[in-house]
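# Remarks on the overall topology
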Amino acid sequence: MFEQLSDRLAGTFERLRGRPRVTEADLEEALRDVRVALLEADVNLKVVRQLVATVRERALGERVLESITGAQQVVKIVHDAIVEMLGGAATPLARAERPPTVIVLAGLQGSGKTTTAAKLANLMRKQGRHPLLIAADVHRPAAIDQLVTLGKQLGVPVRAVDPGRVAGDVAMLASGAPADGQDTVIVDTAGRLHIDEAMMAEIAEVVAASKPQEVLLVVDAMAGQDAVDSATAFHARLPLTGLVLAKADGDARGGASLSVRAVTGVPVKLIGTGEKLDAIEIFHPDRLAQRILGMGDILTLVERAQEHVDQKTAEEQARKLLEAQFTFDDFYAQLQQVKKMGPLGDLLKMIPGLGQVAKQLPEGPEAEREMRKVEAIISSMTKAERADPSLINGSRRRRIAAGSGTTVADVNQLTKQFGEMRKLMKQMGSLAKSGRLPRLPGVPRM
Amino acid sequence: MSIDQALAKTRGGFFGRLFGRGEEKLTAEWLDLLEEALLRADLSVSLVDPLMAQLRDLFTTGEVKSVEKALAAVRETLVAAVAGDVRLRGEGERPRVILVVGVNGSGKTTTAAKLAKRLKDSGERPLLAAADTFRAAATLQLERWAERVDVPVVSGKPDGDPAAVVFDAVNAANARGNTTVIADTAGRLHTKGQLMDELGKIVRVTGRARAGAPDEVLLVLDGTAGQNAIQQARQFTATAAVTGLVVTKLDGTAKGGAVFAIAHELKLPVKLLGVGEKADDLVPMDPTAFVNALLPMPR
């Protein structure tokens, strides 16, 4: 979601790096680009101004104009300023010394509270905890039914409050949870405007009565400049302990939510990355800063791979790949695993240095369509053809094209690419055996 | 709630500070404040930068000397940018078909229900179609709304085919004599290929239910959204041939300024504004009132 911001800054830095020395005019131009890039990413204006001022001050303080490595210094100064804006390492969710741990979700209408509540319950359960969902949105029609349905899908119990006794019921249900074997209580509240006095009083009461360990503000990753104002107003009424960045799987640049962290000091703790109920991740600010600046996020990639890729299959495939025994069956299996990890372009962007490569790939929907085409072609091959691609002659190609709803040219292209890939891998395999292929640092051996 | 009342909430504070002094002489500082006001309203920097450059030129050459004149110039530019035909298309079609589309949480279900109420109040016989079969209890949410505004609704099964729901609703409208079908669709991020393909299918199947339908594809944009709204509009237009915009949640302090870039680039008219949580809180776009919420008249 933060790609465009990194693209923009990458361009600026590229130009700057091309200069033998940074002049005052170069610095001002770079700062103007940084300002525009941040504003286009919805970073709050106040935060933008502060950041630009900080960078200018430090750049002049470090005498970058006189230095021959001035350009690199400027890049580093911008990088550090953005890291500071995002906050440091991940902040874990608090846990009560004695159960229940109570987590209250708050936010504007449509920010994604109900879905986040269900995802959070799922995450907690994966960590071995026993969550209870409390449906306290008595205002939006069918909001309670929505949470009940999600709870059923997850097998997590859901209790609803009485519309007349929201705060009292939340407190009562929460304190009664441990007796039923539930150690973690997640409270979904109604969406509300920060200027709606009655509604703000209602949630303040819920928090006062249930004494939560966490009060999380759910912020839409697509939000604009107003996000800081509304979050500040929520923070003034509620002891916010963290932010949840919802809908971060789109192409929004998420600058507003990051500004909320910068202005309120409340850390982003979780990030929603998809429609499925397991699409929630612990937020790592330091990793994100690297991604924004096009430096990749190898840690997240490795974690996703570990979560989704079966280790044995991967090892087997890597061996076959390097020995050129790789078949279309293996290729298909690999496609399935990659798909589980998320969109291909996203994955490439996490690899340091490949951010620009990912840009040349077909974008989102197109890439998915391409992938489905490849799947269809492979599915239309016989077992024998998949195991031994050399069998695929002209008439087989026509049959495969007809079966997969593609053209013979598409089939040709795939088999050709596949052959080239095998050749390349064979070369790499022999290089690796001779020990001449350097292993990427930080990447575990396949 | 009237549009002026609703949008008035978005004034005050910072914006009040700016605009209490129409007679005043134009200064460089005032221009800086104006720029800040526009950017903070989510107007795209790609629009604000050239606009401010022009104004600063006019200020330097002495052609514009008063705050009043500068404001009038900006207001005129902005009003022209979002002025368009607010009438819903397909007036004479039977049944007229309106699809409500957008990203998750933008306010589609609420907008569909409020629109049904508006049409009913104007003497039409609307029918709601609950074509969001994906989100848990979305159908139930629309059914509750339908009850509240007393409009019939056609629903499908959870996880059923949304295109089939719209198809059935159009046929039901034909049979029952409903004049307009308003179909609520599932929220989808514009970057999800499969979900966008599904939307494309809904549009195609709607055309099979009645040739030429849908008459209106309304993209619902969250008024609190930032620059991503432009990307949303591009993608939804490419997939579903959007014909108009609805900007929601304008009863908060956000100003929906991202629509200026959308209107500019895609020539899409803003047709309706969501200004509150009640059934009547959907009003036709009023460009002057909308711009005044950004730039109040000097006192």
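For the structure given in this document, a descriptive report is provided here.

Each value, and the rule that gives it
- Residues numbered from 1 in each chain as written.
- Chains lettered and ligands numbered in written order.
- Predicted model: local features only at pLDDT ≥ 70, side-chain atom pairs only at ≥ 80, totals over all residues.
- Helix = DSSP H or I, 4+ residues; strand = E, 2+ residues; numbered from the N terminus.
- Contact = placed C-beta atoms within 7 Å.
- Rg over C-alpha atoms; globule rule 2.2 N^0.38 Å.
- Buried ≥ 20, exposed ≤ 12 C-beta atoms within 10 Å, placed from the backbone.
- Pairing = 2+ DSSP bridges.
- Axes fitted to C-alpha atoms, helices over the stretch in contact; angles between N-to-C directions.
- Core = buried A, V, L, I, M, F, W, Y, C linked by C-beta atoms within 7 Å.
- Domains from an automatic or database assignment.
- Expected span 1.5 Å × (residues − 1).
- Right-handed = clockwise from strand over helix to strand, strands pointing away.

The subject of this paragraph is the overall build of chain A. A tally of regular secondary structure across chain A gives 20 helices and eight strands. For chain A, contacts bridging at least 24 residues in sequence account for 74% of all contacts bridging at least 6.

This brings us to the overall build of chain B. Within chain B, the regular secondary structure consists of 12 helices and eight strands. Computed over its C-alpha atoms, the radius of gyration of chain B comes to 21 Å, within 12% of the 19 Å expected for a compact globule of 299 residues. Its C-alpha atoms give chain B principal-axis dimensions of roughly 65 × 35 × 35 Å. Counting all 299 residues of chain B, 55% fall into the buried class.

Okay, the interface of chain B and chain A next. Taken residue by residue, the interface counts 36 residues in chain B and 37 residues in chain A. For the side of chain B that touches chain A, the secondary-structure elements that each account for two or more residues are α3 (28-40), α7 (138-149), α9 (193-209) and α10 (228-240) of chain B. The biggest single contributor to the side of chain B that touches chain A is α7(B), with four residues.

Moving on to the sheet that holds strand β5 (residues 216-222) of chain B. All names here are of chain B. Spatially, β3-β2-β4-β1-β5-β6-β7-β8 is the arrangement adopted by the eight strands of the open sheet, whose pairing is mixed. Looking along the sheet, the strands with just one partner apiece sit at the ends: β3 (153-155) and β8 (282-284). Looking at each pair of strands side by side, their axes are set apart by 25 degrees on average, direction ignored.

Take the sheet that holds strand β8 (residues 280-282) of chain A next. Residue and element names in this part refer to chain A. Across the sheet, which stays open at both edges, the eight strands sit in the order β3-β2-β4-β1-β5-β6-β7-β8 with mixed pairing between neighbours. Only two strands of the sheet have a single neighbouring strand rather than two, namely β3 (158-160) and β8. Neighbour-to-neighbour, the strand axes of the sheet open up by a mean angle of 25 degrees, direction not taken into account. Note: strand β2 (residues 131-136) against β3, three bridges, orientation parallel. Across the sheet, the residue bridging to Leu-133 is Val-158, located in β3. On top of the sheet, helix α10 (residues 255-264) reaches β5 (214-220), β6 (242-246) and β7 (268-272); it is set at about 175 degrees to β6, its chief contact.

With that out of the way, let us pick up the environment of B:Gly187. Residues and elements named next belong to chain B. Positionally, Gly-187 belongs in the loop between β4 (180-185) and α9. Given 23 C-beta atoms within 10 Å, Gly-187 falls into the buried group. Here the alpha-carbon distance between Gly-187 and Met-52, two residues 135 residues apart in the chain, equals 36 Å. Every residue in contact with Gly-187, bar those within four places of it in the chain, is listed here: Gly-102, Val-103, Asn-104, Gly-105, Ser-106, Lys-108 and Arg-135.

Among the nonpolar cores identified, the biggest contains 178 residues, and A:Ile134, A:Val187, A:Val219, B:Leu128, B:Ala129 and B:Val166 are the most heavily contacted of them. Of the residues forming this core, the biggest block, seven residues, is contributed by helix α8 (residues 162-176) of chain B. Domain assignment of the residues forming this core places at least three in each of domain 1 (3-86) and domain 2 (101-295) of chain A. For A:Ile134, the contacting residues outside a window of four places in its chain are A:Arg159, A:Val161, A:Val170, A:Leu173, A:Ala174, A:Val185, A:Ile186, A:Val187 and A:Asp188. Counting residues in hydrophobic clusters, the runner-up holds nine residues, among them A:Met381, A:Ile400, A:Val411 and A:Leu414.

Turning our attention to helix α9 (residues 226-237) of chain A. All names here are of chain A. A rise of 1.5 Å per residue sets the reference length of α9, with its 12 residues, at 16 Å; its end C-alpha atoms lie 17 Å apart and thus fit the reference within 8%. Within α9, the full set of buried residues consists of Asp-226, Ala-227, Val-228, Asp-229, Ser-230, Ala-231 and Phe-234. Structurally, α9 contributes buried residues whose contacts are with β1 (101-106), β5 and α10.

What follows concerns the pairing of β5(B). Residues and elements named next belong to chain B. Burial analysis of β5 places seven of its seven residues in the buried class, the great majority of the element. On β5, burial covers both faces: Glu-216, Leu-218, Val-220 and Asp-222 on one face and Val-217, Leu-219 and Leu-221 on the other are all buried. Bridge count between strand β1 (residues 96-101) and β5: four bridges; the pairing is parallel. For Val-100, the partnering residue across the bridge sits in β5 and is Leu-218. For β5 and strand β6 (residues 244-248), the ladder comprises five bridges, and the chain directions are parallel. Note that in β6 the partner of Leu-221 across the bridge is Val-247. With α10 bridging β5 and the parallel β6, this β-α-β connection has right-handed handedness.

Note that every value here comes from positions in space, so none of it alone points to a role or purpose.
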